[in-house]
Amino acid sequence: MTRRHTGSIRVRTTLKAGVLAALICLAITVLLVVAVRGWEEDHKHQRMGAAALSIVDLIQRDRLPRTLPRRGVEALQVLNAHGKVVASTPNLLGRPSMATFPPAPNSAFALRTLCPPTGLEGCMRVVSLRVYEQDGDWRVYVADPGVPWYVSGALCALLVAASLLVILLAVVRTWWTVDHTLAPVDAIRAELAEITETRSGRRVPVPESRDEIRLLAETANATLDRLDAALERHRRFTSDASHDLRSPITAARAQLEEALLRPEEADWPRVGRSVLGSLERLQAIVTDLLELARLDADAHRDAMGRRGEEIDLAGLVRAELERAPREGTRLVLRLERGVLVRGDRLRLSRLLANLLDNARRHAAQEVSVTVRAEDGTAVMEVADDGEGIEPEDRELVFQRFSRLRAGRDRDAHGTGLGLPIARQIARAHEGTLTVEDGARGARFVLRLPLVG
């Protein structure tokens, strides 16, 4: 199908070029024929006029012979004042007057087309010229065939041949140009057809020319880069998710199988509590995965910050701390009032809860929460006084199922999805979530568009 479509572009463009060239050639041919015909008619009239004047000269000098030379015209004839033919060219000897119309009273000559003149064949242009003599007005008639609309067969053949040559050159040149232009497109299409999920990593060829085709190839390669990155994330996510989902299921299965081997010796309450713990971990992973799936779906729609409610970040922090207080860690709050953002309250609460849980898990004694406005941006910081995060690991903590060794040591049951969910919520609100330098420990900084 693609091949036929590409071929049809070549054919359609070539046909259009051929038709356009034919129309141009037709217009030029018509103009040339009209111009040449006009020139030829003027030349013929001049020749007929010159022939008539030469006869007038003979009449006035009284040297008029009975048989006249043709002088480049078809026929000549002289009538005296009584309307009698006194001289003519050989083809009209002994014949009556070829015409009977005289010039108008106020004119010395007249021009008419007769079909045919008397004694001749075919339509001809006839000039009538008045000659003033003592015995009365004499008339001189000059006849010559008119110029056909096509002027001559030779001229038509020449113009048709030249037109066909121009059309052929236009068609060939257009086909070559279109084919040469579409060759890189065909190469791009062929390469894209070879790229599949299992054969990713390939790129389309980029032509050397600096034109729209090069921009197309560069855009296609940029799209393929994003697709490869998405495929890699998908593979990594599938691998990590399968591992983290399999671990609690395997643990619960092993404990149940061991208990069923010796049911009378098994401590069923302990087995139940252990299996329940595995199910709770499994539930937490599934819940986080579903939340990430919803956030990924929302990433293809309008940003939440455009369709949410106005939220005071300081009030959101206080509400979250009242809902889920925790002993053993001192909280330091620096909350500026009136820092308003627009978004989904439940998801921003989830973001804050994930940051607070992460900070409490790694804090030695203190967790601080700061809310402020800065250059038209709402800023919320959650920091702890723990060991901190090395600069090279600051992006790693936002990868799904990625957990640093310190996190695994402090909480072996974490899902590794809390911080990725928090960053995805920030992006859905057209904001950012990063790890930045702090006096000590880890310092997570959320930046969102400020309302108003």
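Residues numbered from 1 in each chain as written. Predicted model: local features only at pLDDT ≥ 70, side-chain atom pairs only at ≥ 80, totals over all residues. Heavy atoms only, no water.

Within an unreviewed UniProt entry, the label attached to the protein reads histidine kinase, and the organism entered is Actinomadura vinacea. Taken from UniProt, the Catalytic activity (unreviewed entry) comment for the protein reads in full: "ATP + protein L-histidine = ADP + protein N-phospho-L-histidine." The record in UniProt for the protein states the following under Subcellular location (unreviewed entry): "Cell membrane". (UniProt positions renumbered as here; feature names shortened; annotations may be inferred.)

### Topic: the packing of helix 6 (residues 313–323) against helix 7 (residues 345–362)
Axis separation between helix 6 and helix 7 bottoms out at 10 Å; the angle between their running directions is 60°. Crossing hand, helix 6 versus helix 7: right-handed. Of the residues in helix 7, those touching helix 6 at Leu316, Val317, Glu320, Leu321 and Arg323 are Arg345, Leu348, Ser349, Leu352, Ala353, Leu356 and Arg360. For the contact of helix 6 with helix 7, the residue count by class is seven nonpolar, one polar and four charged. (Axes fitted to C-alpha atoms, helices over the stretch in contact; angles between N-to-C directions. Helix = DSSP H or I, 4+ residues; strand = E, 2+ residues; numbered from the N terminus. Left-handed = near helix turned anticlockwise from the far one by under 90°. Contact = heavy atoms within 4.5 Å. Nonpolar A, V, L, I, M, F, W, Y, C, P; charged D, E, K, R; others polar.)

### Observations regarding the nonpolar core
Counting residues in hydrophobic clusters, the biggest one holds 41 residues, and the most contacted among them are Leu313, Val317, Leu351, Met380, Val382, Leu433 and Phe444. Going through the elements one at a time, helix 4 (268–298), helix 6, helix 7, strand 9 (366–374), strand 10 (377–384), helix 9 (418–428), strand 11 (432–436) and strand 12 (443–449) are the ones with two or more residues in this core. Take this core: its biggest share by element is six residues, from helix 7. What Leu313 contacts, discounting residues up to four positions off in sequence, is Val339, Val341, Val371, Ala378 and Met380. Residues Ala52, Ile59, Ala87 and Trp138 belong to the second largest nonpolar core, which totals 18 residues. (Core = buried A, V, L, I, M, F, W, Y, C linked by side-chain atoms within 4.5 Å. Buried < 20%, exposed > 50% of the residue type's maximum accessible area, 1.4 Å probe, protein only.)

### Remarks on unusual backbone geometry
Going from Cys115 to Pro116, the amide bond is cis rather than trans, its omega being -10°. Phi angles above zero are rare outside glycine, and Asp62 is one such case at about 55°. Take Asp62: it is sitting in the loop between helix 1 (2–60) and strand 1 (75–79). Positioned with a positive phi, Glu430 is a non-glycine residue whose angle comes to about 60°. As for its placement among the helices and strands, Glu430 is situated in the loop between helix 9 and strand 11. Of the residues examined, Glu430 reaches a relative accessible area of 40% and is grouped as partly exposed.

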